[in-house]
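So the chains spell out like this:
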Amino acid sequence: MGVDARHTATVYGRSLWAHFRSVVEYPADFWVMATTGIFWQIMSFGFVTILFQNVNAVGGWGYHEMLMLVGFLAVAAGSPALYWDGIWSIADQVADGGMDYRITRPAPVMPQIATLHIGLQGVGEVPLGAAMFVYGWIGAGVGLGQIPVALLLFACAAVIQVAMYTIANSANFWVKGRVPVFGFFLVEMQNEAMRFPLPVFPMAVRVLLTFAIPLAFASFVPVEILNGRASEWWLLGPPLTAALLAALAVWIFRAGLRSYDSAGH
Amino acid sequence: MPILEARSLSKRFRRPDKKSGFNGALKHLVQRKYKNFTAVDSIDLEIDAGESVAYVGPNGAGKSTTVKLLTGILKPSEGTVRVMGRDPHTERIANAHDIGVLFGQRTQLWWDLPVEESLKLLKHMYRVPEAEYRLRIERFDELLGLGEFMPALARTLSLGQRMRADLACALIHAPKMVYLDEPTIGLDISVKDRLRAFLRQLVDDGTTLLLTSHDLADIEEVCDRIVILDEGSIAYDGPISELKARYITTKAVHLILDGPADLDALREKFPEYEWAAGQAASEAVATYETVRSTTAEVLGHLTARLAPRDLSLSEPDIEDVIRRLYAGELAK
Ligand SMILES: Nc1ncnc2c1ncn2[C@@H]1O[C@H](COP(=O)(O)OP(=O)(O)OP(=O)(O)O)[C@@H](O)[C@H]1O
Ligand SMILES: [Mg+2]
């Protein structure tokens with residue numbers, strides 16, 4: 001029996017919505033988490049601003065372009081917390097056999113897992129990231145005509161991020177243990193490396209981050225396209241990468257589910 | 001046609017083959033040797049619609065593993081499962097509408113959401129019409145007392161509340177085939193009673209039930225048929241009444257005597273009975289085989305010769321039978 005897309009969307013949407021509604025009823029968690037997200041973005045902004053008091057350009061990029069990059073990264077990498085955060089519970093669900101119940105329900109397992117909870121730090125991170133991005137956009141003098149392109153690039157970046165998180169966390173179907181080590185590694189790497197424009201890195205690293213672990217298509221390449229540093233051909237990159245990674249994520253998750261043998265109690 | 005049919009069903013798990021200690025772990029890292037462990041060993045099981053089957057066995061016998069095979073969570077290493085004609089592993093979404101599952105050890109409630117929200121999400125997941133949903137919730141509230149904790153977050157529930165909520169989750173779509181793996185674990189007596197009455201009602205209404213439990217009172221009150229699993233194989237399968245008829249072959253007379261019971265003297269005088277001490281010093285227990293003498297004969301015989309001040313009769317309960325079966329004392 002095939003997957004019923006509409007039903008799947010209902011299951012996904014309702015579960016997410018239920019979590020957002022419960023936030024209103026139990027607001028304490030919300031403020032703690034949102035503040036964490038806001039604080040994190042202020043740190044980011046401070047980092048770029050202080051950096052540019054000492055240098056004029058980083059890898060050939062100016063202050064406002066850097067803000068666009070850091071803002072784009074924050075939105076792309078931070079927003080899945082609001083709609084795909086449950087994927088971080090694969091490790092737990094595999095370790096304690098919680099996956100069992102999801103398998104016995106009449107809906108695909110991935111959206112059930114992805115909506116097990118929401119990461120409220122996203123509520124702080126996304127708007128502040130967006131603000132930084134817009135501030136950089138204006139400062140860098142990017143035209144309003146680029147808005148549709150920007151939206152497309154954000155959408156692709158979101159898909160890329162979601163797929164990457166899914167793939168990294170799916171490793172825990174095989175690597176048993178409650179800590180999503182690959183997921184943490186991915187986030188760490190992205191935070192460290194991707195807030196700089198790629199030209200600051202040696203060629204090998206650039207190739208790695210563009211084609212092997214294509215994080216570049218979720219922040220660096222889109223911003224390069226928007227501020228006119230990359231040729232139009234690059235515009236094909238993000239949608240292609242997004243489609244490819246999404247397919248790969250589904251495939252790996254399913255393989256993981258096939259190798260899942262529950263827990264011994 | 002049976003509602004559930006398992007043929008030569010086996011499940012093997014791969015276990016790391018390593019010696020204990022640091023050296024063993026290190027060696028395993030390099031060599032990566034594994035050993036197969038058979039948790040379920042070629043079982044055949046047929047359940048007809050409307051049956052209520054107890055699935056019992058010692059710890060580690062393979063009960064939960066069987067439930068996971070029957071519900072499609074695990075892929076069999078060998079053999080086949082059919083539930084209403086479908087393979088629950090490969091046709092899991094179609095199968096899901098017909099089955100309900102509860103693992104007493106863990107919850108299916110959404111941890112951060114109120115109980116009511118979990119039930120509503122399941123309602124949509126199973127496409128339960130609103131009217132039916134309301135009716136069932138009302139009934140669950142009546143029988144399980146759900147109402148009091150419907151608005152509570154799942155993570156704040158007590159074990160008993162959680163189990164009742166989980167039971168409602170497992171049954172919200174009125175499944176035809178229900179698997180309950182230790183639904184009374186850790187519950188107090190009154191909640192257990194309530195749960196058993198509820199399950200009996202469920203069976204009387206025509207639901208097919210497979211129940212595992214270490215509490216044999218659950219089984220006697222809810223089930224008609226018992227399947228005993230031992231080290232992955234079925235050791236007994238039949239009506240509970242037959243199990244009793246077959247293995248409960250003795251009865252005992254408890255006699256309260258005038259003075260302290262002298263067992264040696266009694267054994268000498270009445271060698272045809274097994275003698276044992278009772279709870280009080282003046283109590284003696286004579287066990288006899290029901291095929292050899294009738295209760296009337298034994299009572300007549302003993303009261304005439306011993307003139308006890310009081311007496312009572314007892315027979316081993318199902319718990320004794322199963323204890324002896326586990327211990328390998330009874331022929332299979
Ligand atoms: N996922 C697993 N991986 C490896 N071994 C497992 C797994 N699940 C179960 N086992 C092993 O299979 C055997 C049967 O386990 P199972 O959980 O089916 O027993 P059970 O009859 O339900 O026992 P209990 O009464 O303690 O719940 C055990 O020896 C257990 O260690
Ligand atoms: Mg078990």
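Thresholds applied
Residues numbered from 1 in each chain as written. Chains lettered and ligands numbered in written order. Predicted model: local features only at pLDDT ≥ 70, side-chain atom pairs only at ≥ 80, totals over all residues. Heavy atoms only, no water. Phe/Tyr/Trp six-rings, centres within 6.5 Å; stacked < 30°, edge-to-face > 60°. Helix = DSSP H or I, 4+ residues; strand = E, 2+ residues; numbered from the N terminus. Buried < 20%, exposed > 50% of the residue type's maximum accessible area, 1.4 Å probe, protein only. pLDDT = per-residue confidence, 0-100. Pairing = 2+ DSSP bridges. Right-handed = clockwise from strand over helix to strand, strands pointing away. Near = heavy atom within 4 Å. Polar contact = N/O pair within 3.5 Å; in protein donor to acceptor, adjacent residues only side chain to side chain. Nonpolar A, V, L, I, M, F, W, Y, C, P; charged D, E, K, R; others polar. Domains from an automatic or database assignment. Contact = heavy atoms within 4.5 Å. Buried area = accessible area lost by both parts, 1.4 Å probe. Salt bridge = Lys/Arg side-chain N within 4 Å of Asp/Glu carboxyl O. Core = buried A, V, L, I, M, F, W, Y, C linked by side-chain atoms within 4.5 Å. Patch = residues over 30% accessible without salt bridge, like charges linked within 9 Å, V, L, I, M, F, W, Y side chains within 5 Å. Areas by Shrake-Rupley, 256 points an atom, 1.4 Å probe, with all protein chains shown as cover. Expected span 1.5 Å × (residues − 1). Axes fitted to C-alpha atoms, helices over the stretch in contact; angles between N-to-C directions. Parallel < 35°, antiparallel > 145°, perpendicular 65-115°, else oblique. Left-handed = near helix turned anticlockwise from the far one by under 90°.

## Remarks on the packing of aromatic side chains
Residues and elements named next belong to chain A. Counting across every chain of the model gives 20 aromatic pairs over all chains. Seen in terms of ring centroids, Trp 88 and Phe 184 are 5.9 Å apart; in terms of plane orientation they differ by 20°. Their pairing is stacked. In this pair, Trp 88 is assigned in the loop between helix H4 (80-83) and helix H5 (90-95) and Phe 184 in helix H10 (residues 181-193), connecting sequence segments 96 residues apart. Under the relative-accessibility criterion, Trp 88 is labelled buried at 18%.

## Examining the confidence of the model for chain B
Per-residue confidence for chain B gives a mean pLDDT of 90, with 98% of residues at or over 70. Scoring of the predicted complex yields 0.88 for pTM and 0.89 for ipTM.

## Quick look at the pairing of strand E6 (residues 177-181) of chain B
Residues and elements named next belong to chain B. Burial within E6 is extensive, with five of its five residues counted as buried. Residues Met 177, Tyr 179 and Asp 181 of E6 are buried on one face, and the alternating residues Val 178 and Leu 180, pointing to the opposite face, are buried as well. Where strand E5 (residues 99-103) meets E6, five bridges bridge the pair, whose relative direction is parallel. Bridge pairing links Phe 103 to Asp 181 in E6. Crossover connection from E6 via helix H7 (residues 189-204) to parallel strand E7 (residues 208-212): handedness right-handed.

## Some details on the site of ligand 1
Around ligand 1, the surrounding shell holds 18 residues, and the nearest of these are Gly 60, Lys 63, Ser 64, Thr 65 and His 214 of chain B. Flanking ligand 1 are residues from chains A and B. Separating an oxygen atom of ligand 1 from a side-chain N or O atom of Asn 59 of chain B is a distance of 2.8 Å. Between ligand 1 and Thr 65 of chain B, the relevant distance is 2.6 Å, taken from an oxygen atom to a side-chain nitrogen or oxygen of the residue. Among the elements of the structure, strand E1 (4-16), strand E2 (34-47) and helix H2 (63-70) of chain B are those that each provide at least two residues to the shell around ligand 1. Its residues placed into classes, the shell around ligand 1 shows six nonpolar, eight polar and four charged.

## Side note on the domain arrangement of chain B
Domain boundaries in chain B define domain 1 (4-11 + 44-245) and domain 2 (249-315). For domain 1 of chain B and domain 2 of chain B, the distance between their C-alpha centres works out to 44 Å.

## Observations concerning the interface of chain B and chain A
At the junction of the two partners, chain B supplies 32 residues and chain A supplies 34 residues. Note on chain B versus chain A: buried area summed over both sides is about 3000 Å², and carbon and sulfur give 59% of it. Taken together, chain B and chain A are joined by three salt bridges. Our count for the contact surface shared by chain B and chain A stands at 16 residue pairs in polar contact (both at pLDDT 80 or more). Of all the secondary-structure elements, those providing two or more residues to the side of chain B that touches chain A are helix H3 (92-96), E5 and helix H4 (115-125) of chain B. Looking at the side of chain B that touches chain A, the element that brings in the most residues is H4 of chain B, giving five residues. A per-class count over the side of chain B that touches chain A returns 18 nonpolar, seven polar and seven charged.

## Describing the nonpolar core
Among the nonpolar cores identified, the biggest contains 157 residues, and Leu 119, Tyr 179 and Ile 226 of chain B are the most heavily contacted of them. Considering every element that reaches this core, the biggest residue donor is helix H9 (residues 147-170) of chain A, with twelve residues. Apart from the residues lying within four places of it in its own chain, the contact partners of Ile 226 of chain B are Ala 54, Val 56, Ile 219, Tyr 236, Asp 237, Gly 238, Ile 240, Leu 243 and Ile 322 of chain B. In terms of nonpolar packing, the next biggest core, distinct from the first, is built from 14 residues, Tyr 273, Tyr 288, Leu 302 and Leu 306 of chain B among them.

## Regarding a nonpolar patch on the surface
On the surface, a nonpolar cluster with roughly 550 Å² of combined accessible area is contributed by Trp 174, Val 175, Val 179, Val 181, Phe 182 and Phe 184 of chain A. Residue class for Phe 184 of chain A comes out partly exposed when judged on its relative accessible area of 45%.

## Overview of helix H8 (residues 121-140) of chain A
For the α-helix, the turn length of 3.6 residues means that residues three or four positions removed from each other point alike. All names here are of chain A. For H8, with 20 residues, the first-to-last C-alpha span of 28 Å sits near the 28 Å given by 1.5 Å per residue. Within H8, burial applies to Gly 122, Gly 124, Glu 125, Val 126, Gly 129, Met 132, Phe 133, Gly 136 and Trp 137. Looking at the buried positions of H8, the neighbouring elements they touch are helix H2 (27-54), helix H3 (63-78), H4, H9 and helix H12 (220-226).

## A look at the packing of H2 of chain A against H3 of chain A
All names here are of chain A. Across the interface, H2 lies against H3 with an axial gap of 10 Å and an inter-helix angle of 160°. When the interaxial angle is binned, H2 and H3 end up roughly antiparallel. Read as a crossing pair, H2 and H3 show a hand that is right-handed. On H3, the residues touching Gln 41, Ser 44, Phe 45, Val 48, Thr 49, Leu 51 and Phe 52 of H2 are Tyr 63, Met 66, Leu 67, Val 70 and Ala 74. Residues belonging to the contact of H2 with H3 are distributed by class as follows: nine nonpolar, three polar and no charged.

## Details of unusual backbone geometry
Unusually for a residue other than glycine, Ser 262 of chain A sits at a positive phi of about 60°. Structurally, the position occupied by Ser 262 of chain A is in the segment after helix H13 (237-259). Unlike most non-glycine residues, Arg 127 of chain B shows phi in positive territory, near 50°. Within the fold, Arg 127 of chain B resides in the loop between H4 and helix H5 (130-144).

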